[in-house]
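Letter by letter, the chains look like this.
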Number of protein chains: 2
Amino acid sequence: MSSSTPHLHIADHDHAKCVAGALAAARDVCAQRGERFTELRGRVLELVWESHRPIGAYAILERLRADGRSAAPPTVYRALDFLMSVGLVHRIESLNAYIGCAHPGQRHASQFLICTDCGTAVELDDPAVAGALAQAAEKRGFKVEARVVELSGHCASCAQG
Amino acid sequence: MSSSTPHLHIADHDHAKCVAGALAAARDVCAQRGERFTELRGRVLELVWESHRPIGAYAILERLRADGRSAAPPTVYRALDFLMSVGLVHRIESLNAYIGCAHPGQRHASQFLICTDCGTAVELDDPAVAGALAQAAEKRGFKVEARVVELSGHCASCAQG
DNA sequence: TCACTTTCGATATATTATACCGCGCTCGCA
DNA sequence: TGCGAGCGCGGTATAATATATCGAAAGTGA
Ligand SMILES: [Zn+2]
Ligand SMILES: [Zn+2]
Ligand SMILES: [Zn+2]
Ligand SMILES: [Zn+2]
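The model shown is predicted, which means the values in this text are computed figures rather than measured ones.

Caption draft 1: Seen up close, the overall build of chain A. Within chain A, the regular secondary structure consists of six helices and five strands. For chain A, the sequential pattern of α-helices and β-strands runs α-α-α-α-β-β-β-β-α-β-α. Relative to the globule expectation of 15 Å for 161 residues, the C-alpha radius of gyration of chain A, 17 Å, shows essentially globular dimensions. Once the C-alpha set of chain A is aligned to its principal axes, its extents read approximately 55 × 45 × 25 Å. Buried positions account for 43% of the 161 residues belonging to chain A. Nonlocal contacts in chain A, meaning residues at least 24 apart in sequence, comprise 52% of its contacts between residues at least 6 apart. Taken as a whole, chain A presents about 8,500 Å² of accessible surface, with 49% of it coming from carbon and sulfur. Placing the 17 positive and 18 negative side-chain charges of chain A at their respective mean positions leaves the two points 5 Å apart.

Caption draft 2: Local environment of the coordination of the zinc ion (ligand 2). Residue and element names in this part refer to chain A. Within the protein, the atoms that donate to the zinc ion (ligand 2) are Cys115 (SG), Cys118 (SG), Cys155 (SG) and Cys158 (SG), at distances of 2.2 to 2.4 Å. Viewed at the metal, the four donor atoms of the zinc ion (ligand 2) are separated by angles of 106 to 114°, and the geometry they form is tetrahedral. Linear spacing of the donor residues for the zinc ion (ligand 2) on their chain is C-x2-C-x36-C-x2-C. Pair noted here: Cys115 is in strand E3 (residues 111-115) and Cys158 is in helix H6 (residues 156-160), with a separation of 43 residues, a long-range link. Judged by relative accessible area, Cys115 falls into the buried class, the value being 2%. For Cys158, a relative accessible area of 21% corresponds to the partly exposed category.

Caption draft 3: The arrangement of the side chain of Asp126 of chain A in detail. Along the chain, Asp126 of chain A turns up in the loop between strand E4 (121-124) and helix H5 (127-139). With a relative accessible area of 4%, Asp126 of chain A lands in the buried category. Those residues within four positions of Asp126 of chain A in sequence are excluded, and the remaining contacts are Gln111 of chain A together with Ala136, Lys139 and Arg140 of chain B.

Rules used in this analysis
- Residues numbered from 1 in each chain as written.
- Chains lettered and ligands numbered in written order.
- Predicted model: local features only at pLDDT ≥ 70, side-chain atom pairs only at ≥ 80, totals over all residues.
- Heavy atoms only, no water.
- Helix = DSSP H or I, 4+ residues; strand = E, 2+ residues; numbered from the N terminus.
- Rg over C-alpha atoms; globule rule 2.2 N^0.38 Å.
- Buried < 20%, exposed > 50% of the residue type's maximum accessible area, 1.4 Å probe, protein only.
- Contact = heavy atoms within 4.5 Å.
- Areas by Shrake-Rupley, 256 points an atom, 1.4 Å probe, with all protein chains shown as cover.
- Lys, Arg positive; Asp, Glu negative; His and termini not counted.
- Charge placed at Lys NZ, Arg CZ, Asp CG, Glu CD.
- Donors = N, O, S within 2.8 Å, 3.2 Å for Na, K, Ca; no water.
- Tetrahedral: all angles 85-135°; square planar, octahedral: opposite > 155°, others 65-115°.

Structure (structure tokens):
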């Protein structure tokens, strides 16, 4: 009910393939890094990829419980922390929510375009933005370790679909 | 104790003047917009400007109580919401904290450089960054309404002062 | 002074996140 | 094949951040 999906404005796509691809990439990344891709971690990643909208930790928790599984907040946060540590999930700071990484296994910057109408978040890896940020920081002698770049507004479809 | 100030790496400056300037600008902004700059709002703004480090809502709350004033969380959040609504304070999403705006009363973009060593946050209004972001969004037909740009790392002084 | 609006005090509660403990499974290795 | 070290996870408790709501007080304009 509350979560009946507003139209997904991301160009139509085969979302099952989308999720399968994410899970396959996850297996690869973990194998390469000698990390364990457990059943729980897989399920949490799957839930994060349920849509292209950022999802909150407690929403993930509810879905785990709906699976019949016993779960508490640490269950979710541990899995999310792991998935973030290996670069499979990003945290959206302005929403306290999590989203699957669009470029798993690749070194990349990310910038998010978050639609406040349909809720979707698109991850960019825009070199001009990354470059401008790097220059701005360097100019002030600042050594960057982490970047949060989140633009909120209206996606192309919602703005005037 | 816990909050004994680590060295402030912002180039030495007369911070009293810094705070006084912020309060004066605040009066102007509120007068221009027909908003009331109450004693509480002034005190909260002063506390936000206590240093150039982002400060949490509950830290502000403690200081209000230390003044002998009765205060609860809504006291602080109302004042912060007001100050943000008139552009005198920014929220740092990646820290759940608040900082005084460096360009009150002016239309500006802002990007923050947050030092994880000394805690200071510097607000930039870098046109190249703003331009690159605007272009990246426009290219995808995205209408931007709000921007969160926060780089964490080491400031020039801390990196190798 | 009176009606109206805004600000504020106060209480309760929601939402997001972490600290900690102990068990059992996995995996490397003898 | 058995064993120990470490990791992942269930479970409980609690911390940290934020909002909903209501009524009283104070400012505002007529
Ligand atoms: Zn998809
Ligand atoms: Zn949209
Ligand atoms: Zn100053
Ligand atoms: Zn520093």
